[in-house]
Amino acid sequence: MPLTDALPIAKLNQRTWHPNAVLLSLSLVMLAVIWLLNPVSVAPNRIVPGTSYHLLDAVGWFGALLISLLISALVALALLPTRANYRAMLALVIVMLLLMPFGLMVASHWLVDPGLPQARLSIGAASWSLLFILLLCLVELRLRLGLSRLATTLLLSCVGVVWWLSASLWLQNMALVQEFQAREQQFWRATLQHIQLVSMAVGVSVVAGLLLAMLMRRYAKLQKIAFSLLNFLQTIPSIALFGLLLAPLAWVAANIPFLAQLGVSGIGTTPALIALIAYSLLPMVRNTYIALEEVSSDTLEAAKAMGMRSSQRFWQVRFPLALPVLLEGVRVTTVQAVGLTAVAALIGAGGLGTFIFQGLGQAAMDMVLLGAIPILLLALVVDASLGALADALRPGGHE
Amino acid sequence: MLISRRIEPSSNANHGWALPLIWGVLLAAAVLGMPYLESVFRWLEPDARQVIYRRAEFSTLLGRHLLVVGVAAAVTILVGVLAGIAVTRKRGQDFLPLVGQLASLGQTFPPVAVLALAVPTLGFGTLPIIVALMLYGLLPIVRNTLAGLQGVSTDIKQAALAMGMTPWQVLHRVELPLAAPVILAGVRTSVTINIATAALGATVGASNLGDPIIAGIVNGNMAYVVQGALLIALLALTVDSLFDAYQQTLRSRLSAS
């Protein structure tokens, strides 16, 4: 025992009353945000910038009072943070998340002129901030209550289902919903394309990464060259790499008809895939290499002493032990690829980035959101699920 | 922190400041000499009406690019390091779990999506790209500041306190110098990513080195794309090697003392 532990220490911070400062400040910010910023805006069509409306205009005195009361309850509970109160706060946050689409419904009922079929309700700064802060509260509550990842995911998916239902059933006036309905097929095709591009790039780089890492373990010289080359590639901005690949591939397609028949062309999927793979290789190889190197030599020696052959040692000991770290690499790579594929839309590769860049080109902000929000969700889902998989495969159970 | 570790080449030769100098000279030469390379680009794009991007001087574009990245980096370093320090102090301790979670969660946000979300609220132009770069660049810095400060062993801190140092002295004489390499690695990641992301600003109306690339892609003029891509790549390599050289001197200073 260190000596300091044995000393009688005057506990400076022993206050009997210790409110949760995080939730307290978050809910106070929430109160300020909903009264000072505008929660919704209404535009006559998709190009004209809308007029913003204050909370009182959007949901009336009753709604404004209700939401202020809910947040005040959060403040009161945060002052006395017991476990029961944390549970109550969790319930309050979930209720507020569930009430958000209903608030939007009320607002669209009062503010959107039914005579104008093109008129649309957009979500304003206050609503976005409210959503963001509520999610922050959820993260904090999850940490305080020690909720598992699965429980939080389930809660959030319930909220998501309610939002989806209310959006598709009652929120026809909302700009995002209108954008979605105008190009529903296109949206699903783009999502599928996005996922295909990401999985192809990640799939190839997983295999190539494993091979490269195994070669590197054998030839030390290769390791140095490969890592400096991959580090170098990573420094080149994605947009530049996409652009740079256009020229040589266009030349190849023009001069070698056989490859052109296979689908190689300057613009489109091929240069996007090549660039995506090039980018995915570095995190993949780096993690695979570390994962394989970090398996403890004691374990390997024990395996050797048991009479395992070299290949047995690799496939039955080294590889399974390295798998969680390797999966961590797959997670990082995939999340990165989801974002990069969005950029690939610039060179005509398709995917959800198409909506972002088309929307930016037409100054139609709701279309930009139609691309950006699913990309964000996709990245979060990939991150959570691959993280959970790596946790489950860790030998000796969860950490 | 397994993921963010860089594997160094096994023989760690000290390049010193030669490498950044070489890249810097190449960058300057490319910026100034680009208009004289017309014949080269003509060979690349024989049918185009114009092969050298002339809507703005390359030096202006480079300046704007550096300005955007610089402003964003200055704000992020200030805010990120301060936030990292604040939540590791006793008073800000309550916020530590939340900030730590956010910093790791924020890594999953794709830069394009962040940029796209910034435009509807801030409009077109340079402002959304600066804000997007700030948001995106903040997270690596916060994460590494936290990791660096938490990595300083409590024994060392206690020894410093026992020597009679005030908490402030412990912070800026012991904790920050020891955490500096890790914090700097975060700054390097943040700035390198931001140089690349700033190029996307050209799609939202900010004029910088991304301009020739976007113009080239839209008009099908490869020469433009090559010019923009070349300059951005050289800029990224210059800045990255600068950080690398600085990290090496910092590391050798730490191990020497």
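Residues numbered from 1 in each chain as written. Chains lettered and ligands numbered in written order. Predicted model: local features only at pLDDT ≥ 70, side-chain atom pairs only at ≥ 80, totals over all residues.

1. Thoughts on the overall build of chain B
Rule in force here: By the criteria applied, helices consist of DSSP H or I runs no shorter than four residues and strands consist of E runs no shorter than two, each listed in order from the N terminus. Field definition: a residue is buried when 20 or more other C-beta atoms are found within 10 Å of its C-beta, exposed when 12 or fewer are, and partly exposed for counts in between, with C-beta atoms placed from the backbone. Once C-beta atoms are placed from the backbone, any two residues with those atoms within 7 Å are in contact.
Counting secondary structure elements, chain B contains 10 helices and 0 strands. Along chain B, helices (α) and strands (β) appear in the sequence α-α-α-α-α-α-α-α-α-α when read from the amino end. Projected onto its principal axes, the C-alpha positions of chain B cover 75 × 45 × 30 Å. In chain B, which comprises 257 residues, the proportion classed as buried is 44%. Looking at chain B alone, contacts between residues at least 24 apart form 73% of all its contacts between residues at least 6 apart.

2. Examining the overall build of chain A
Along the backbone of chain A there are 16 helices and 3 strands. Each of the three principal axes of chain A carries a C-alpha extent, and together these read 80 × 75 × 30 Å. In chain A, of all internal contacts separated by at least 6 residues, the share reaching a separation of at least 24 is 73%.

3. Some thoughts on the interface of chain A and chain B
This is how the line gets drawn: Side-chain classes are defined by residue name, with Ala, Val, Leu, Ile, Met, Phe, Trp, Tyr, Cys and Pro counting as nonpolar, Asp, Glu, Lys and Arg as charged, and the others, Gly among them, as polar.
Taken together, the 50 residues of chain A in the interface contact 43 residues of chain B. Residue assignment for the side of chain A that touches chain B shows that the elements contributing at least two residues are α2 (21-36), α5 (125-145), α9 (220-235), α10 (238-255), α12 (269-293), α14 (310-344), α15 (353-362) and α16 (365-393) of chain A. If one sorts the elements of the side of chain A that touches chain B by residue count, α16(A) sits on top with 10 residues. Looking at side-chain class alone, the side of chain A that touches chain B contains 36 nonpolar, 9 polar and 5 charged residues.

4. A short note on the packing of helix α8 (residues 184-218) of chain A against α9(A)
All names here are of chain A. To keep it simple, the criterion reads: Only the stretch in contact is used when fitting a helix axis, every axis being a line fitted to C-alpha atoms; angles between N-to-C directions are given from 0 to 180 degrees. Angular relationships are summarised with four words: roughly parallel below 35 degrees, roughly antiparallel beyond 145, roughly perpendicular across 65 to 115, and oblique for the angles in between.
Their axes nearest at 5 Å, the elements α8 and α9 cross at an angle of 135°. With respect to α9, the element α8 is oriented oblique. Contacts from L212, L215 and M216 of α8 reach α9 at L222, Q223 and A226. Residue composition of the contact of α8 with α9, grouped by class: 5 nonpolar, 1 polar and no charged.

5. What about the pairing of strand β1 (residues 40-43) of chain A?
Residues and elements named next belong to chain A. Heads up, the rule is: The pairing criterion for strands is at least two bridges between them, as found by DSSP.
Burial along β1 is two-sided: V40 and V42 and S41 and A43, pointing in opposite directions, are all buried. Sheet analysis places β1 next to strand β2 (residues 51-53), joined by 3 bridges and oriented antiparallel. Paired with V40 across the two strands is Y53, which belongs to β2. Where β1 lies against strand β3 (residues 120-123), 4 bridges are found, and the strand directions are antiparallel. Bridged to A43 within β3 is R120.

6. What to know about the sheet that holds β3(A)
Residue and element names in this part refer to chain A. The antiparallel open sheet is built from 3 strands, whose spatial order is β2-β1-β3. A strand with exactly one partner marks an edge of an open sheet, and here the two such strands are β2 and β3. Here the average twist between neighbouring strands, direction ignored, is 35°.

7. Some details on α15(A)
Residue and element names in this part refer to chain A. Judged by how many residues are buried, α15 sits mostly within the fold: 7 of 10 residues are covered. Turning to α15, its buried residues number three or more, namely G353, T354, F355, I356, F357, G359 and L360. Directly beyond the C-terminal end of α15, a positive phi value near 55° is found at A363.

8. A short note on the confidence of the model for chain B
Residues and elements named next belong to chain B. The condition that has to hold: Scored between 0 and 100, pLDDT is the confidence that the predictor attaches to each residue.
In the predicted model, chain B carries a mean pLDDT of 81, and 93% of its residues have values of at least 70. Helix α2 (residues 38-44) is the least confidently modelled element of chain B, averaging 74 in pLDDT, while helix α3 (residues 58-88) averages 90, the highest of any element. With pLDDT under 50 throughout, residues 1-13 is counted as low confidence; its partners more than four residues away or in other chains account for 15 contacts. Model confidence for the complex is summarised by a pTM of 0.80, with the ipTM given as 0.75.

9. Quick look at α9(A)
Keep this limit in mind: To estimate the expected span of a helix, subtract one from its residue number and multiply by 1.5 Å.
The first and last C-alpha atoms of α9(A) sit 23 Å apart over 16 residues, in line with the 22 Å expected at 1.5 Å per residue. In the core, the buried residues of α9(A) are packed alongside α8 and α12 of chain A.

10. Concerning the packing of α14(A) against helix α5 (residues 111-122) of chain B
Where α14(A) meets α5(B), the closest approach of the two axes is 7 Å, and the angle between their N-to-C directions is 60°. By the criterion of interaxial angle, the relationship of α14(A) to α5(B) is oblique. On α5(B), the residues that touch G339(A), A342(A) and V343(A) of α14(A) are P111(B), V112(B) and A113(B). Residues of the contact of α14(A) with α5(B), tallied by class, amount to 5 nonpolar, 1 polar and no charged.

11. So, the environment of A349(A)
Residue and element names in this part refer to chain A. Mapped onto the elements of the fold, A349 is located in the loop between α14 and α15. Accessibility expressed as a C-beta count within 10 Å gives 25 for A349, which makes it buried. Among all residues touching A349, those that are not within four sequence positions of it are L197, G268, T269, A272 and A344.

12. Quick look at the confidence of the model for chain A
The predicted model of chain A averages 82 in pLDDT, with 92% of residues at 70 or higher. Mean pLDDT in chain A bottoms out at helix α1 (residues 3-6) of chain A, which sits at 56, and peaks at α8(A), which reaches 90.

13. A few points about the environment of V131(B)
All names here are of chain B. As for its position among the elements, V131 is in helix α6 (residues 126-151). A tally of 19 C-beta atoms within 10 Å means that V131 is categorised as partly exposed. Considering only alpha carbons, one finds V131 and V75, 56 residues apart in sequence, at a separation of 10.0 Å. Excluding residues that lie within four positions of it along the chain, V131 makes contacts with A118 and L122.

14. With respect to the environment of Y224(B)
Within the secondary structure, Y224(B) is located in helix α10 (residues 222-256). Along the chain, Y224(B) and R54(B) lie 170 residues apart, while their C-alpha atoms are 9.6 Å from each other.

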